[in-house]
Amino acid sequence: MRSGKKRKNMDNFDTIMLSQEELDFLKETFYVQAMEMTEQLTEEVLALEANGCKGESLAAVKRFFHTLKGDSSTIGLKDVADLIHRTEDLLGELESKAVEFNSVVSDLLLKVIDEISGSVRSHKSGEKRRIPASLKKELAGLCGHLKKALPFELSEYEELLAAEAAEVGKTV
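Source: prediction; values computed, not measured.

Novice: Help me out: how do you make sense of the pattern of salt bridges in this one?
Specialist: Any two side chains of opposite charge can pair, so long as their charged atoms come close to each other. One pass over the full model with this rule turns up six salt bridges. Note that Arg86 and Asp82 form a salt bridge whose closest N and O atoms lie 3.1 Å from each other. Within this pair, Arg86 and its partner Asp82 are both found in helix 4 (residues 78-95), separated by four residues, close to a single helical turn. Note that Glu138 is salt-bridged to Lys111, the shortest N-O span being 3.2 Å. Separated by 27 residues along the polypeptide, Glu138 in helix 6 (residues 133-143) and Lys111 in helix 5 (residues 103-124) bring together distant segments of the chain. Note on Lys111: relative accessible area 40%, which makes it partly exposed.

Structure follows, in structure tokens:
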């Protein structure tokens with residue numbers, strides 16, 4: 001069956017090789033789109049702040065973040081994708097009304113957007129940039145994943161393990 005053969009090829013998608021020209025084109029497309037989306041996200045968050053956290057506006061913010069997460073992961077910005085994943089947790093808390101939208105949440109979302117923009121610019125220029133652990137902790141604190149402030153810094157790997165454990169209800 002031909003469709004079976006096509007499916008097999010799709011299963012091996014990770015082995016497809018792109019030319020350097022194709023990779024450069026994909027990256028440049030990502031950089032342009034990511035910067036446009038961060039500008040739109042800023043406008044949407046400011047609209048949420050002005051008009052209240054309404055379903056349609058919140059849905060738009062969630063869509064932008066979700067798209068940026070997937071695109072960032074694809075292009076190799078795993079830290080950005082992780083930050084956005086944590087931000088999506090906060091957006092879910094807002095949607096379920098477990099967290100109230102206020103100026104603290106708005107400021108935090110704007111910080112996340114600024115960090116994404118900075119990370120995209122750094123990646124484009126070939127620089128390394130780390131997402132501040134304090135920003136991740138702020139997100140986690142608002143979502144209730146961090147019960148108390150830690151007296152030490154976790155490595156990126158330890159933070160990932162702790163986040164994964166929290167997602168399935170385990171403590172570390």
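Novice: What's the story with unusual backbone geometry in this structure? I'm lost.
Specialist: Generally, phi is negative for residues other than glycine and the peptide bonds are trans, each holding for most cases. Positioned with a positive phi, Lys97 is a non-glycine residue whose angle comes to about 70°. Tracing the backbone shows Lys97 in the loop between helix 4 and helix 5. Assessed through its relative accessible area of 63%, Lys97 is described here as exposed.

Cut-offs applied
- Residues numbered from 1 in each chain as written.
- Predicted model: local features only at pLDDT ≥ 70, side-chain atom pairs only at ≥ 80, totals over all residues.
- Heavy atoms only, no water.
- Salt bridge = Lys/Arg side-chain N within 4 Å of Asp/Glu carboxyl O.
- Helix = DSSP H or I, 4+ residues; strand = E, 2+ residues; numbered from the N terminus.
- Buried < 20%, exposed > 50% of the residue type's maximum accessible area, 1.4 Å probe, protein only.

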